Amino acid sequence: MTVAAGIGYALIALGPSLSLFVAVISKKPFLILTVLSSTLLWLISLIVLSGIWRAFLPLKSTTWWPFALLIISSVGFQEGLRVLFWKVYKRLEDTLDAFADRVGKPRLFLTDKMQIALAGGLGHGVAHAVFFCLSLLTPAFGPATFYVDRCPQMPFFLISAIIALAFVTIHTFSMVIAFNGYAEGNTTDQYFVPVVHLVAGMVTLVNFASGGCVVGIPLLYILASLILLHCGKMVWRRLTAS
Amino acid sequence: MESSILDSIGSEIIGVMTPVSLCMLLVVLLVYSLSPSEQSLSGASDPFRTAANLVYLERPDDSSTQKLEGAVLNALVFVILIAIVTFLLVLLYYYNFTNFLKNYVRFSAFFVLGTMGGSIFLSIIQQFSIPVDAFTCFVLLFNFTIVGVLSLFSGGIPILLRQAYMVCMGIIMAAWFTKLPEWTTWALLLALALYDLFAVLAPGGPLKLLVELASSRDEELPALVYEARPTVSENERNRRSGLRFLLGGVSDSGSVELQVVSRDNADGRENHGNPEYSAVNVGTFGNEMHERSSDEVERLPLVGHLRDGFSSSGSSSDRSTSVNRENEIVMEEEMSPLVDMSLLGNNRQRASDSLENSLITDRGIRLGLGDFIFYSVLVGRAAMYDLMTVYACYLAIISGLGCTLILLSVCRRALPALPISITLGVLFYFLTRLLMEPFVVGTTTNLLMF
């Protein structure tokens, strides 16, 4: 609608992550590198997925089950990559610990590990926000706006920004939960994250129905707050226990 | 609580990636804000002929094969031109015409900042209808240019200013290059990446000769090189004022030192072909060869390689641990700061003749200005298509740069910084444009996200 509106939409999607970045991540160069590499990983996963699905696009937007298939496959692939990310992180952790020993500094603290997990999650979240929301925002800087048929209550840009915000939260904190789950061997946590991710993806299918976004978006935010609560509880437990 | 290693690992890599990212961001902004006006101007007129356009002038209505052939020819001619100029540079340097080179670089910096920077400022003023009169504009531009030329080679200029001017020159050159037609740009980028690979690594390559000459004479390279010296104390980041006091006069607070050496920046148009290379950096001490073990620790962010005391005069250098961090040195040995200061201040001092040591004294990573420029050209060209491609290319280039830096810490010699990043960037651009965009746009317009 104008530059102001465009910037507004961008900040809705990325505001919290920006504050997180400035407050926590920008102080430690290694975390910035972690954010960049996890964003890259997410981008690569997206490219691979689009490569696989390219032959079937564009999907007819009347039936919903091809989209369901798309989402299930995409979420599955990304969760698989999360396990891979964890394995790489494990080796990196060993390297860092060895380095710390060599230099005579203490090994990685628990908070350090959590910060690395947070940075990884933030990378995923920011990648999601950029590719699913920001990249389509260029017309929003112009003089007009755009409404989607299925959800005529709000401009399309606003909807995508709000959904992106929910997903950024989900991605960021589920990485913390997942890493903690893998570290502790806590299977509940290990399965919690992929399940929530899948459910969140499926919930956006509700947007398919006409007027569905009125139901879909609050559901998404319930999931996001669930993840937040769970992460908070887990972190509190671990920090007070040690 | 003791500081953990996470506080300071990776600061050198970030010290190089930040100016590169800043340069790319500003070029993208420039392209976005200036492009509407460009289209209206160049729509009807002929594209102007430059060194990159010598053979073939691309027009929108040519066929694809014509464009491809023309672009490849253009790129070839450009690369040959660059190679000739680089060989000329090596020759001049060999015969000790260093002063001539320095003055020539000063002239070319003046030219770039004044005329090309001036035309960009004029387009910005035009685009945003900024009310400023011609006389003020001229005075401001003149001041800007003169300070820029002064900041390049004189001592006593704040490092931040020097860095800022380097980034400015990179932005101006990249903004100019983005005016080239599309096929020519891509062909040019790929050709330059290949050329860079050969020029730096092949035995007869001009840049390799240049580096060897410079290191054998123990001089700085005659080139415009962005040098990100690490801060004396990483603790400055953590704001420990005590240490700042200790290391007071050595380096400017917080930021990275910069030393730009003269370089042949031929004519704004044709050069930048000396696509630079990450020069050598990262020296570790002779006795710390074991750093080079197979584990990847040391390759980690080029951490303490720098700064190791070449002070075989005791103080900080030798410790049982291989990598010394400056802050450790400072904290744990009182006398070291003084020794460090003298050594830091005098970066031309060479402890010994070995190449190893000359590597040590060149602390900090050096990245040539040509690299800045071509990364930004790639991202600028991606910006002309879509924001998604911008982000994808940005990530590709940064990861390529990261890979190159890691390789640098492994190989310890001058490496070309262009090939990996440009290849990844071009790859990701076309993958994103062809594969990812239909996918993502298809799902988001249906409000389906994951």
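All residue numbers refer to position in the chain's written sequence, counted from 1. Working convention: letters from A go to chains and numbers from 1 go to ligands, in the order in which they are written. It should be noted that, the model being predicted, local features are given only for residues of pLDDT at least 70 and side-chain atom pairs only at 80 or more, the latter also being counted only at that level, while totals for whole chains, interfaces and linings use all residues. No hydrogens and no water enter the side-chain calculation; it runs on all heavy atoms of the structure.

Formally: UniProt positions are given in the numbering used here, feature names are shortened, and annotations may be inferred rather than shown by experiment.
Per an unreviewed UniProt entry, chain B is named Presenilin, and its organism is Citrus clementina. The Subunit (unreviewed entry) comment attached to chain B in UniProt states, word for word, "Homodimer. Probable component of the gamma-secretase complex, a complex composed of a presenilin homodimer, nicastrin, APH1 and PEN2."

The name recorded for chain A in an unreviewed UniProt entry is Gamma-secretase subunit APH1-like, from Citrus sinensis. Database annotation for chain A, UniProt heading Subcellular location (unreviewed entry): "Membrane". The record in UniProt for chain A states the following under Sequence similarities (unreviewed entry): "Belongs to the APH-1 family."

Thoughts on unusual backbone geometry
All names here are of chain B. This is how it is decided: Think of it this way: any DSSP run of H or I at least four residues long counts as a helix, any run of E at least two long counts as a strand, and we number them from the N terminus. Accessibility here uses a 1.4 Å probe with only protein chains present; expressed as a share of the type maximum, an area under 20% marks a residue as buried, one over 50% as exposed, and anything in between as partly exposed.
We note that R412 has phi near 60 degrees; this positive angle belongs to a residue other than glycine. Within the secondary structure, R412 sits in the loop between α13 (387–411) and β4 (415–416). Exposure remark for R412: the relative accessible area of 10% places this residue in the buried category. The phi angle at L447 is positive, at roughly 60 degrees, despite the residue not being glycine. Tracing the backbone shows L447 in the segment after α14 (418–445). Judged by relative accessible area, L447 falls into the buried class, the value being 1%.

Digging into the UniProt feature "transmembrane region" (unreviewed entry) in chain B
Residue and element names in this part refer to chain B. The residues that UniProt annotates with the feature "transmembrane region" (unreviewed entry) are residues 12–32, 71–95, 107–126, 132–153, 183–202, 389–410 and 417–436. As annotated, residues 12–32 has a helix share of 100% and a strand share of 0%, and its two end C-alpha atoms lie 31 Å apart. Between the C-alpha atoms that bound residues 107–126 the distance is 28 Å, and the span itself is 100% helix and 0% strand.

Some words on the interface of chain A and chain B
Accessible area lost upon the coming together of the parts serves often as the stated size of an interface. For clarity, the threshold we go by: For this analysis, residues touch if any pair of their heavy atoms sits within 4.5 Å. Accessible surface is computed with a 1.4 Å probe, and the buried area is the amount of it that two parts give up when combined, taken over both parts together. Polar contact criterion, stated in full: a pair of N or O atoms within 3.5 Å, where within protein one must be able to donate a hydrogen and the other to accept it, and residues adjacent in sequence count only if both atoms are side-chain atoms. In this classification, the charged set is Asp, Glu, Lys and Arg, the nonpolar set is Ala, Val, Leu, Ile, Met, Phe, Trp, Tyr, Cys and Pro, and all remaining amino acids, among them Gly, are polar.
Taken together, the contact pairs 66 residues of chain A with 56 residues of chain B. Broken down residue by residue, the surface that chain A buries against chain B is led by F99, R102 and K105 of chain A, which jointly contribute 14%. Remark: the boundary between chain A and chain B carries six residue pairs in polar contact (both at pLDDT 80 or more). Within the residue set of the side of chain A that touches chain B, elements represented by two or more residues are α2 (29–53), α3 (65–103), α4 (110–132), α5 (156–184) and α6 (187–203) of chain A. When residues in the side of chain A that touches chain B are grouped by element, the largest group, 17 residues, is from α2 of chain A. Of the residues belonging to the side of chain A that touches chain B, the class tally is 42 nonpolar, 17 polar and seven charged.

Quick notes on the pairing of strand β3 (residues 365–368) of chain B
As a general feature of sheets, a regular strand has side chains that alternate between the two faces. All names here are of chain B. So the rule is basically this: For two strands to pair, DSSP has to find at least two bridges joining them.
Burial along β3 is two-sided: I365 and L367 and R366 and G368, pointing in opposite directions, are all buried. Sheet analysis places strand β1 (residues 225–228) next to β3, joined by four bridges and oriented antiparallel. When the sheet's bridge partners are listed, Y226 is paired in β3 with L367.

Here we look at the UniProt feature "transmembrane region" (unreviewed entry) in chain A
Residue and element names in this part refer to chain A. The UniProt record annotates "transmembrane region" (unreviewed entry) at residues 6–25, 30–52, 64–85, 116–137, 157–179, 191–209 and 215–236. This span, residues 64–85, is 95% helix and 0% strand, and a straight line between its end C-alpha atoms measures 31 Å. In this annotation, residues 215–236 is assigned 100% helix and 0% strand; the end-to-end C-alpha distance for the span is 32 Å.

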